[in-house]
Amino acid sequence: MTPQNPHIKLFNPPSIRQPRPSYSQVASTTLSPGTQLITTSGQVGQTEDGHIPSSFSEQATLVFQSLHICLHTAGAQVRDIIKLTYYLVDVSNNHAEFSGLLMQFLTDGDSVHSPPSTMISVAALAHPKWLLEVEAVAVVSPAPPSLSTLTLSPPQKVKSVDVVIVGAGLSGLQAALDIQNAGLSFAILEARDRVGGKTLARPLASGKGVVDIGAAWLNDKTQPRIYELAMKYGFETVVQRTEGDQVIEITPGEPHRYGFGQVPLASKKTLEDFSRMQSKFEEEAAKIDIHHLPRSDFDNETVAQFLLRNEIDEDAYKVIETTIKGLLGVDATELSLYYYLDYIKSGGSLKDLESDKSNGAQYMRLRQGMGSIAQAMAKDLTPGSLFLNSPVSSINQMSPSHNTITTQSGLQFHAKKIIISIPTPLYRTITFTPPLPSSKATLADSTTLGYYAKTILIYSSPWWRPLNLSGSLTSLNGPVSFTRDTSVPSDSQFSLTCFLVGSTGRRWSILSPIKRRQAVLDQIAGMIEEEHKRKVYETEEIIEQEWIKEQWSQGAPCPVMEPGLLNRYADVLRRRVGDCHFVGTETAFEWKGYMEGAILAGERGAKEVIEKLAKA
Ligand SMILES: Cc1cc2nc3c(=O)[nH]c(=O)nc-3n(C[C@H](O)[C@H](O)[C@H](O)COP(=O)(O)OP(=O)(O)OC[C@H]3O[C@@H](n4cnc5c(N)ncnc54)[C@H](O)[C@@H]3O)c2cc1C
């Protein structure tokens, strides 16, 4: 077999059509440390299961979705594209429609990205039903050093410490504080201009408090570490409101109200199938020992395959998939059944993961917002140890305990140990010398971050409460999959947070910003009684956050595994490579994907390093 070129990584995103063995959908080529050239195969208007819609607009929508997914999987975004090539059948008839959808694809906020492009008119494509094909070339390159990097950087270029921590999300910060408490010297290097990673509070324009655009909920009993931190720093909790009716839309345009926590109106078959499958998930998850995962047949299929094999009805499938999208931002087709069962057990039970009540994962928020915890932790760090705007671009393990860590801005650190807290798929943005072992590299290339976005509708009053609505709406059709009342009455902050997740979220994502907002408002209005619909549109402010577009997150809440990975790599996730130790929420045994998991993983990584250095 010809050895692979180590500078070229080839991959096939799981949620798009899988190619023949002779080619791959995406190649990522390392040009220099941190700089990748991304090339895609021509994307066509065909669904993952091979269906080819007859209309040009449906095909074009699929093409741009696939391109988004290819770019995202490679850590790139639309703004990174340097060349587009379009092949169109029947240009004269299809050109206008194509241009409209192309503009949506290229527009982000007020700015339009206009890369060099070539349009080629063709008589036909490889399949007679294909009407267009689009390929892209992109470059992901290091950001130039910003002013704050220059201000925060120490005057000397090389600094020697016991430990370098990469990433200042909750996991990295917890690891850094434990290293500090052990009396070791350290530097914590963060790519962004802020700490907190996927936790972030946004102040409202009105000055009435904040909303969480990242993580929002914790539980005081089942998630003791994150709760203790919130209490330690004096933050106030807000118990999630569970009064009033919930609304569910099973069939498009047919919302149903039902009492909070009661069983919604659905066919007998749907309810029976749903409860049969939920019980099966709970039962099998309960048997799992999260600290020891032997090989299992559950890793041979996706959750979707399992559901279809059990012949459940379409609506029950959609209810279960909506739960999965809410938990992980991916569809049932993208997730190993074994991974899902382990994830459920990691958070206790499915019932508690879904619940807003006292044992539930959605039980409490913080008045000051979850981002405040990371900010408070950062204030406890030794002054001068935190380097913002410092994306790590290379890690060179020359010999044991002699490692050089370099940032994109050229800072260099020598360290005996390194703790890496960045999401697993982002490992490929760092050049490791020697390269990561193939098992670790496979994990970085194969675990997938979900599509997770929030649109937060801010109002002057909680108009839904007098209508006996809880603010909890669920749609099996999207684009919004579910909503929650995220108000903080003591700040007069009244909000409904809408979650756009999984493939329905991805489809919504390619609309223009104006159309995205309109789609959310129209959908929520469609679930409210006619005489109250106008209240939905009377927003004071609308805040939107798509985590897939964040260069240093690339999706949320936690990288997940497709079939075949957990059986082979369960232990590899947190396995040390030389002096590099790996933390981050996905490496946690308990509460993986959650803030609690991030803290627990940070503690584990710090403990490993402290013990190793004590023995040295
Ligand atoms: C919308 C949303 C809702 C969520 N809801 C909840 C919830 O209700 N409850 C809950 O418990 N959890 C929730 N989560 C998940 C929770 O936010 C995460 O599990 C947790 O914050 C992960 O922390 P982490 O430190 O492991 O990773 P991250 O927060 O991703 O931190 C990693 C850090 O590494 C940095 N980084 C990346 N690359 C580099 C590099 N090359 N060099 C230096 N730094 C780098 C990043 O900028 C980031 O700061 C939610 C997440 C999202 C996005």
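Residues numbered from 1 in each chain as written. Predicted model: local features only at pLDDT ≥ 70, side-chain atom pairs only at ≥ 80, totals over all residues. Heavy atoms only, no water.

Under an unreviewed UniProt entry, the name given to the protein chain is Amine oxidase, and the source organism is Phialocephala subalpina. Per UniProt, the protein chain has the following entry under Cofactor (unreviewed entry): "FAD". UniProt's Catalytic activity (unreviewed entry) comment on the protein chain is quoted here verbatim: "a secondary aliphatic amine + O2 + H2O = a primary amine + an aldehyde + H2O2". (UniProt positions renumbered as here; feature names shortened; annotations may be inferred.)

Taken together, 37 residues are adjacent to the ligand, and E190, R192, K198, T585 and M595 come closest. Interatomic distance of 3.5 Å between a backbone N/O atom of G197 and an oxygen atom of the ligand. Put simply, the parts of the chain that give the shell around the ligand at least two residues each are helix 4 (170-181), strand 23 (452-459) and helix 17 (595-615). Tallied by class, residues from the shell around the ligand come to 21 nonpolar, twelve polar and four charged. (Near = heavy atom within 4 Å. Polar contact = N/O pair within 3.5 Å; in protein donor to acceptor, adjacent residues only side chain to side chain. Helix = DSSP H or I, 4+ residues; strand = E, 2+ residues; numbered from the N terminus. Nonpolar A, V, L, I, M, F, W, Y, C, P; charged D, E, K, R; others polar.)

The N-to-C vectors of helix 8 (residues 314-328) and helix 9 (residues 337-346) enclose an angle of 65 degrees; their axes lie 12 Å apart at closest approach. The pairing of helix 8 with helix 9 is recorded here as roughly perpendicular in orientation. For the pair helix 8 and helix 9, the crossing hand works out as left-handed. Of the residues in helix 9, those in contact with T323, I324, L327 and L328 of helix 8 are Y339, Y340 and Y343. (Axes fitted to C-alpha atoms, helices over the stretch in contact; angles between N-to-C directions. Parallel < 35°, antiparallel > 145°, perpendicular 65-115°, else oblique. Left-handed = near helix turned anticlockwise from the far one by under 90°. Contact = heavy atoms within 4.5 Å.)

Most peptide bonds take the trans configuration, and most residues that are not glycine carry a negative phi. Cis peptide bonds are those with omega within 30 degrees of zero, and the linkage from G478 to P479 qualifies with 5 degrees. Along the chain, P479 falls in the loop between strand 24 (469-475) and strand 25 (482-485). Here A556 and P557 are connected by a cis peptide whose omega angle stands at -5 degrees. Structurally, P557 is set in the loop between strand 27 (541-546) and helix 16 (565-569).

One broad trend across soluble globular proteins is that nonpolar side chains are buried collectively. Within the largest apolar cluster, 42 residues are counted, with the highest numbers of intra-cluster contacts made by F281, V303, L307, L328, L335, Y339 and Y340. Contributions of two or more residues to this core are made by helix 6 (268-286), helix 7 (303-309), helix 8, helix 9, helix 10 (350-354) and helix 16. For this core, the leading source of residues is helix 9, giving seven residues. Setting aside anything within four residues of it in sequence, one finds F281 in contact with V303, F306, L307, I320, L337, Y340, L341, I344 and L350. With 40 residues, the next largest nonpolar core counts A168, M595, A601 and A606 among its residues. (Core = buried A, V, L, I, M, F, W, Y, C linked by side-chain atoms within 4.5 Å. Buried < 20%, exposed > 50% of the residue type's maximum accessible area, 1.4 Å probe, protein only.)

It is worth spelling out the packing of helix 6 against helix 9 at this point. One way to put it is that helix 6 packs onto helix 9 with a least axis distance of 8 Å and a crossing angle of 75 degrees. The orientation of helix 6 with respect to helix 9, classified from their angle, is roughly perpendicular. Residues F281, E282, E284, A285 and A286 of helix 6 lie in contact with helix 9, whose contacting residues are L337, Y340, L341, I344 and K345.

Let's shift gears to the domain arrangement of the protein chain. Each assigned domain of the protein chain is listed here: domain 1 (8-140), domain 2 (147-194 + 387-437 + 576-615) and domain 3 (268-352). On a C-alpha basis, the centroid separation for the pair domain 2 and domain 3 is 34 Å. Contacts between the two partners involve six residues from domain 2, matched on the other side by eight residues from domain 3. At the boundary of domain 2 with domain 3, total buried surface from both sides reaches about 720 Å², with 53% on carbon and sulfur atoms. Looking at the side of domain 2 facing domain 3, the largest losses of area belong to F589, W591 and K592, adding up to 71% of the total buried there. For the pair domain 2 and domain 3, the interface holds one salt bridge. For the side of domain 2 that touches domain 3, the per-class residue count stands at three nonpolar, one polar and two charged. (Domains from an automatic or database assignment. Buried area = accessible area lost by both parts, 1.4 Å probe. Salt bridge = Lys/Arg side-chain N within 4 Å of Asp/Glu carboxyl O.)

Here the UniProt-annotated "binding site: FAD" (unreviewed entry) positions come out as S171, E190, A191, V392 and E586. With respect to the helices and strands, the residue A191 is situated in the loop between strand 11 (186-189) and strand 12 (201-203). Take A191: its relative accessible area is 19%, and that puts it in the buried class. Beyond its immediate chain neighbours, meaning those up to four positions away, A191 contacts N389, S390, P391 and W552. Of note, V392 is situated in strand 19 (residues 392-399).

A few words now on the pattern of salt bridges. Applying the stated criterion across every chain, the model contains 30 salt bridges. Put simply, E228 and R225 hold a salt bridge, and the shortest N to O gap is 2.7 Å. Residue E228 and its partner R225 are located together in helix 5 (residues 224-232), separated by three residues, close to a single helical turn. Among the residues examined, E228 registers a relative accessible area of 43% and is labelled partly exposed. Here E529 makes a salt bridge to R257, at a shortest N to O gap of 2.9 Å. You can see E529 sitting in the loop between helix 14 (513-525) and helix 15 (533-537) and its partner R257 sitting in strand 16 (residues 255-259), a full 272 residues away along the chain. On the basis of relative accessibility, which here comes to 31%, the residue E529 falls in the partly exposed class. R257 sits in the partly exposed class, given a relative accessible area of 32%. Through salt bridges with shared partners, a single network forms among R516, E544, E546 and K549.

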